[in-house]
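Here is what each chain is made of, one letter per residue.
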Amino acid sequence: MQVYLVGGAVRDGLLGLPIKDKDFMVVGTDAATMLSHGFSQVGADFPVFLHPDTHAEYALARLERKVGTGHTAFDIHSSPDVNLADDLLRRDLTINALAIEVQGLFDDTPVTGEVVDYYGGLTDLHAKVLRHVSPAFSEDPLRVLRVARFYARFAPLGFVIHDDTQALMQHIADQGELSHLSRERIWQETSRAMGEPHGFYFIDCLHQLGILAHILPLLAERLADDEVYQAMMTRLQNACRRDSSLTTRFAMLFSILDDSNELNDCLTQLNTPKAIGQFIHTFVNYHQVLLNLPNITAEQLFTVIEHTKAHKDDTLLMSLYDACEIYQNKSMAYPKAWLHDAITRYQSVSMANIDPALTGKAIGDELARLRKQALYGLLGNFQMANALTVF
């Protein structure tokens, strides 16, 4: 039995980056032996085992043969006679097909520290190239998104995608293979990529290679206008550089869609979680109102407070304020304190202010009227102060 540290841990260690997770590959043994050592198997038909103490993943060396469409239709063969080179040949990128032998299952100290490299991963690592290992790359369409994600991670270090790999990614997309991916997996890969410190490179990669049209066709159609694309990319870059939340990053990505049906279509295709989708919709609907607050009406301000439920919890409204600053890449023309004042004005009107003779719908109408009146007074003071400041 031989045990190897493989994949990202080897790659990141060589790059001098923090190692987040360690994955291992075991050659020359079988599932029964792993179980006898106290390891637990992940799934009945997949030769991956969790270490009994560290819970790190230990995979048996395996061969895979594509037997259908999508990224899960593989016949997997693992046995003691599958060697290291065979297993690494199935990896996605050469820089992920590197291995270092360790002492054993319960000691991950390197035997010599020598990096095993069958497919030019070290050369590509030094040249800063993302290149596929073999033609087997095209058998798993999810790898198209994975490469774009790795590009988002490593582009700041100067990495580029090899021309042949770019062409292969485009070919896979053009063949319609991405349509076989589940929406859940597309969201998982996209959200991970967008969450990278420079997540905007993920979208840029898919856009430049014409692959985005196979995932989010309506968005890609709008981004075909270079001016629109540059405006969106500037906002997304701002969000990444400010280390904004994933929700805000997606709001910047979809900020160019002002049609609710188109936005809904994109969010559905991406399998966007409900909470993120709701924030995006709210941002698209109200960011211009908040940006133009010096000219806002009491009716608009009332609607924003009601729809964001800011009178109960101002978290959403304040998040919209922050997103607006990222959208325009400068401070708002008014402080958050002003919005807090507006919420206080709204809350100052209650049932105690309503004529007890009113009933039914008339009560709600009167509450709304009085609250708008209170907001109107605040707006008058604000707009007068703003005018005095301008002139």
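Residues numbered from 1 in each chain as written. Predicted model: local features only at pLDDT ≥ 70, side-chain atom pairs only at ≥ 80, totals over all residues. Heavy atoms only, no water.

Operational definition: UniProt positions are given in the numbering used here, feature names are shortened, and annotations may be inferred rather than shown by experiment.
In the annotation of an unreviewed UniProt entry, the protein is listed under the name tRNA nucleotidyltransferase and assigned to Moraxella porci DSM 25326. On record in UniProt, under Cofactor (unreviewed entry), the comment for the protein is "Mg(2+)".

1. A few points about empty space enclosed by the protein
Note the following rule: Buriedness for pockets is judged along seven lines, at least five of which must meet protein on both sides within 12 Å for an open set on the 1 Å grid over protein atoms alone, while cavities are sets there where a 1.4 Å probe fits but cannot get out, and lining residues have an atom within 4 Å of a point. Grid points are joined across faces, edges and corners, and a volume is the space filled by probe spheres set on the points. By definition, any uninterrupted DSSP run of H or I lasting at least four residues is a helix, any uninterrupted run of E lasting at least two residues is a strand, and each is numbered from the N terminus. Residue polarity follows a fixed list, in which Ala, Val, Leu, Ile, Met, Phe, Trp, Tyr, Cys and Pro are nonpolar, Asp, Glu, Lys and Arg are charged, and the others, Gly among them, are polar.
In total, this model carries one cavity of 30 Å³ or more according to the counting rule given. By volume, the largest cavity is sized at about 40 Å³. Forming the boundary of the largest cavity are Thr 190, Phe 202, Ile 203, Leu 206, Leu 212, Ile 215, Leu 216 and Leu 270. Examining the composition of the lining of the largest cavity, we find that three residues originate from one element, helix α8 (residues 200-208), more than from any other. Residues of the lining of the largest cavity, tallied by class, amount to seven nonpolar, one polar and no charged.

2. Section: the sheet that holds strand β3 (residues 40-41)
We count it as follows: By definition, two strands form a pair when at least two bridges between them are found by DSSP. In this description, contact between two residues means that some pair of their heavy atoms is separated by no more than 4.5 Å. The angle between two axes is taken between their N-to-C directions and runs from 0 to 180 degrees, where each axis is a line fitted to C-alpha atoms and a helix contributes only its stretch in contact.
If you trace the seven strands from one edge of the open sheet to the other, you get β3-β4-β5-β2-β1-β8-β9, paired in mixed fashion. Strands with a single pairing partner mark the edges of an open sheet, and in this sheet they are β3 and β9 (107-117). For strand β1 (residues 2-6) and strand β2 (residues 23-27), the ladder comprises five bridges, and the chain directions are antiparallel. The residue bridging Val 3 from the neighbouring strand is Val 26, located in β2. The sheet strands contacting helix α1 (residues 8-15) are β1, β8 (98-104) and β9, and the helix crosses β1 at an angle near 55 degrees.

3. Quick look at helix α12 (residues 260-269)
Rule in force here: Only protein chains enter the calculation, and the probe is 1.4 Å; a residue is then buried if its accessible area is under 20% of its type maximum, exposed if over 50%, and partly exposed in between. Throughout, the arc means the angular range of directions from the helix axis out to the C-beta atoms. N or O atoms within 3.5 Å of each other form a polar contact, as long as, within protein, one can give a hydrogen and the other can take it, and as long as residues adjacent in sequence are counted only when both atoms are side-chain atoms.
Every buried residue belonging to α12 is among Leu 263, Cys 266 and Leu 267, and all of these are buried. For α12, the angular spread of buried residues about the axis comes to 95 degrees, placing them on one side. In this structure, the buried residues of α12 make contact with α9 (217-223) and α13 (274-291). Taking the backbone nitrogen of Asn 261 as reference, a side-chain oxygen 2.9 Å away marks Asp 259 as the first, capping residue of α12. Remark: Asn 271 follows α12 within two positions and exhibits a positive phi of approximately 60 degrees.

4. What about the packing of aromatic side chains?
Applied cut-off: When the centres of two rings from Phe, Tyr and Trp lie within 6.5 Å, Trp using its six-membered ring, the rings pair. Their planes under 30 degrees apart give stacked, over 60 give edge-to-face, and anything left gives tilted. Whether a charge sits over a ring depends on NZ of Lys or CZ of Arg being within 6 Å of the ring centre and within 35 degrees of the ring normal.
One pass over the structure, following the stated rule, counts 14 aromatic pairs. Ring plane angle 15 degrees and centroid distance 6.4 Å describe the contact between Phe 250 and Phe 254, whose orientation is recorded as stacked. For the residue pair Phe 250 and Phe 254, the accessibility class agrees, reading buried in each case. Clustering of aromatic rings is evident, with ring pairs tying together Phe 24, Phe 39, Tyr 58 and Phe 106. Positioned above the aromatic ring of Phe 150, the side-chain terminus of Arg 149 is 5.1 Å from the ring centre. The ring centre of Phe 302 lies 5.0 Å from the NZ or CZ of Lys 372, which sits over that ring.

5. Here's the deal with the layout of surface pockets
Taken as a whole, the second largest pocket spans an internal volume of roughly 270 Å³. The wall of the second largest pocket is formed by Asp 12, Leu 17, Pro 18, Lys 20, Ala 152, Arg 153, Phe 154, Pro 156, Leu 157, Glu 196, Pro 197 and His 198. Taken together, the residues of the lining of the second largest pocket sort by class into seven nonpolar, one polar and four charged.

6. A word on the pairing of β8
Of all seven residues making up β8, five are buried, and the element is well covered by its neighbours. As judged from the four bridges shared by β1 and β8, these two strands associate in the antiparallel manner. Paired with Val 3 across the bridge in β8 is Val 102. Strand direction decides the pairing type here: β8 and β9, joined by five bridges, are antiparallel.

7. Things to note about unusual backbone geometry
What is expected of a backbone is that most residues other than glycine have negative phi and most peptide bonds are trans. The residue Lys 128 is not glycine, and still its phi comes out positive at about 60 degrees. Residue position: Lys 128 is located in the loop between α4 (121-127) and β10 (129-130). A relative accessible area of 36% places Lys 128 in the partly exposed class. Phi at Lys 309 takes a positive value of approximately 55 degrees, unusual for a residue other than glycine. By secondary structure assignment, the location of Lys 309 is in the loop between α14 (298-308) and α15 (315-328).

8. Things to note about the environment of His 171
Following the sequence through the fold, His 171 ends up in helix α6 (residues 163-174). With 23 residues separating them in the primary sequence, His 171 and Ala 148 have C-alpha atoms 15 Å apart.

9. Concerning the nonpolar core
Let me state the cut-off plainly: We call a set of buried residues a nonpolar core when its members are Ala, Val, Leu, Ile, Met, Phe, Trp, Tyr or Cys and they connect through side-chain atoms within 4.5 Å of each other. Residue ranges assigned to each domain were obtained from an automatic or database domain assignment.
Ranked by size, the top nonpolar core spans 93 residues in total, and within it Leu 219 and Phe 254 carry the most contacts. Composition of this core by domain shows at least three residues from each of domain 1 (1-127) and domain 2 (286-316 + 331-389). In contact with Phe 254, not counting residues within four places along its chain, are Leu 216, Leu 219, Leu 263, Cys 266, Leu 267, Leu 270, Ile 280 and Val 284.

10. Let's talk about the pattern of salt bridges
Convention followed: By convention in these notes, a salt bridge is any Lys or Arg side-chain nitrogen within 4 Å of a carboxyl oxygen on Asp or Glu.
What the rule picks out here adds up to 15 salt bridges. Put simply, Asp 258 and Arg 222 hold a salt bridge, and the shortest N to O gap is 4.0 Å. Note that Asp 258 is positioned in the loop between α11 (246-253) and α12 and Arg 222 in helix α9, a separation of 36 residues in sequence. Given the relative accessible area of 64%, Asp 258 is considered exposed. Judged by relative accessible area, Arg 222 falls into the partly exposed class, the value being 28%. Between Lys 372 and Glu 299 there is a salt bridge, with its nearest N and O atoms 2.8 Å apart. Placement of the pair is Lys 372 in helix α17 (residues 361-390) and Glu 299 in helix α14, with a sequence separation of 73 residues. Since its relative accessible area comes to 44%, Glu 299 is described here as partly exposed.

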